[in-house]
Amino acid sequence: MDDAEYIYKQDVKEKAITARSSHKYGSSRRRRCGLSSDNLTRKEWERMNGPVHTLKPDEALSWDRFRALPRSLQQDYIKHILSKFKVGPAALGRMFGVSEAYCGDYLKKQLGVTFQGRTTRQETLRFLNAYRPERGPVCTDKKNTELMRVSLTFCGGFSPDAIAARLQGLFPAGAAVSVTVDISAVEA
């Protein structure tokens, strides 16, 4: 064996030893980088994470619970409803228990929701029956409803025809009705 061959074999031997030693546990390649979050307790870990919101898209929500959701979940909830039902802000307001104008204004301005076309009465009733199970089905038959007492308030000029038209629209034709009128005149 000459000197060149001896140097070559020594070089290969040293490289093999170096390669094998890189897999040992004490090497710098095997050391794990620890993070401060590795030593947290469960309570500290949960405090670091954000709040968790659970939402069932086919369940009716109250207005307060709906407003407590993040904006992205509010948009997803309304989009889910609008994909299943062709309803407007009036029906959504009835479901949430708030006024149509307030609900529509919030949905349009704050969430950017757009409503398509006009809503039919049957579609609104179908929606309210699906999203108000705890209050029972919404009545579709006007004959079963009974109006016990009505209060009308007019401000401005007095018009007996306007009062008669309002009363006529509240009761079915030929129904026995007792009407009491209380008039207070205010000087202008």
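Everything that follows concerns the structure shown earlier in this document.
None of the values given here were measured: they were computed from a predicted structure. (Residues numbered from 1 in each chain as written. Predicted model: local features only at pLDDT ≥ 70, side-chain atom pairs only at ≥ 80, totals over all residues. Heavy atoms only, no water.)

Enquirer: It is not clear to me how a nonpolar patch on the surface should be interpreted in this structure. Could you clarify?
Expert: A cluster of nonpolar side chains, Val177, Val179, Val181 and Ile183, forms an exposed patch at the surface whose accessible area comes to about 390 Å². Structurally, Val179 can be placed in the segment after helix H8 (160-170). (Patch = residues over 30% accessible without salt bridge, like charges linked within 9 Å, V, L, I, M, F, W, Y side chains within 5 Å. Areas by Shrake-Rupley, 256 points an atom, 1.4 Å probe, with all protein chains shown as cover. Salt bridge = Lys/Arg side-chain N within 4 Å of Asp/Glu carboxyl O. Helix = DSSP H or I, 4+ residues; strand = E, 2+ residues; numbered from the N terminus.)

Enquirer: Would you explain the packing of helix H4 (residues 71-84) against helix H7 (residues 121-131) in this entry?
Expert: Between two packed helices, the angle of one axis relative to the other and the distance separating the axes together describe the packing. Put simply, H4 and H7 touch, their axes get as near as 11 Å, and they point 130° apart. Between H4 and H7, the crossing angle belongs to the class labelled oblique. As for how H4 packs across H7, the hand of that crossing is right-handed. From H4, Tyr77, His80, Ile81 and Lys84 reach across to H7, where they touch Glu123, Arg126, Phe127 and Tyr131. The class makeup of the residues in the contact of H4 with H7 is 4 nonpolar, 1 polar and 3 charged. (Axes fitted to C-alpha atoms, helices over the stretch in contact; angles between N-to-C directions. Parallel < 35°, antiparallel > 145°, perpendicular 65-115°, else oblique. Left-handed = near helix turned anticlockwise from the far one by under 90°. Contact = heavy atoms within 4.5 Å. Nonpolar A, V, L, I, M, F, W, Y, C, P; charged D, E, K, R; others polar.)

Enquirer: Any chance you could explain the packing of aromatic side chains here in plain terms?
Expert: Two aromatic rings, taken as a pair, are described by how far apart their centres are and by the angle between their planes. Under the defined criterion, the tally for this structure stands at 9 aromatic pairs. When the ring of Trp63 is compared with that of Tyr102, the centres are 5.5 Å apart and the planes differ by 65°; the resulting orientation is edge-to-face. Of this pair, Trp63 sits in helix H3 (residues 63-68) while Tyr102 is found in helix H6 (residues 100-109), placing the two residues 39 residues apart along the sequence. Through a chain of ring-to-ring contacts, the aromatic side chains of Trp63, Phe66, Tyr77, Phe96, Tyr102 and Tyr106 assemble into a single cluster. (Phe/Tyr/Trp six-rings, centres within 6.5 Å; stacked < 30°, edge-to-face > 60°.)

Enquirer: Sorry if this is basic, but what is going on with the pattern of salt bridges here?
Expert: Any two side chains of opposite charge can pair, on the condition that their charged atoms come close. Applying the stated criterion to the full structure yields 7 salt bridges. The closest approach of N and O atoms between Glu46 and Arg42, which form a salt bridge, is 3.3 Å. Separated by 4 residues within a single helix, Glu46 and Arg42 lie in helix H2 (residues 42-48), roughly one turn from each other. Judged by its relative accessible area of 47%, Glu46 is partly exposed. For Arg42, a relative accessible area of 66% translates into the label exposed. Its salt-bridge partner being Glu123, residue Arg126 comes within 2.9 Å of it at the nearest N-O pair. (Buried < 20%, exposed > 50% of the residue type's maximum accessible area, 1.4 Å probe, protein only.)

Enquirer: I'm lost on the nonpolar core in this one. Help?
Expert: Grouped together as the largest cluster of nonpolar side chains are 22 residues, with contacts concentrated most on Phe66, Leu92, Met95, Phe96 and Phe127. Elements represented by at least two residues in this core include exactly H3, H4, helix H5 (89-96), H6 and H7. Sort the elements by how many residues they give to this core and H5 lands first, with 4 residues. Residues in contact with Met95, not counting those within four places in the same chain, are Ala60, Leu61, Tyr77, Ile81, Phe127, Leu128, Tyr131 and Arg132. (Core = buried A, V, L, I, M, F, W, Y, C linked by side-chain atoms within 4.5 Å.)

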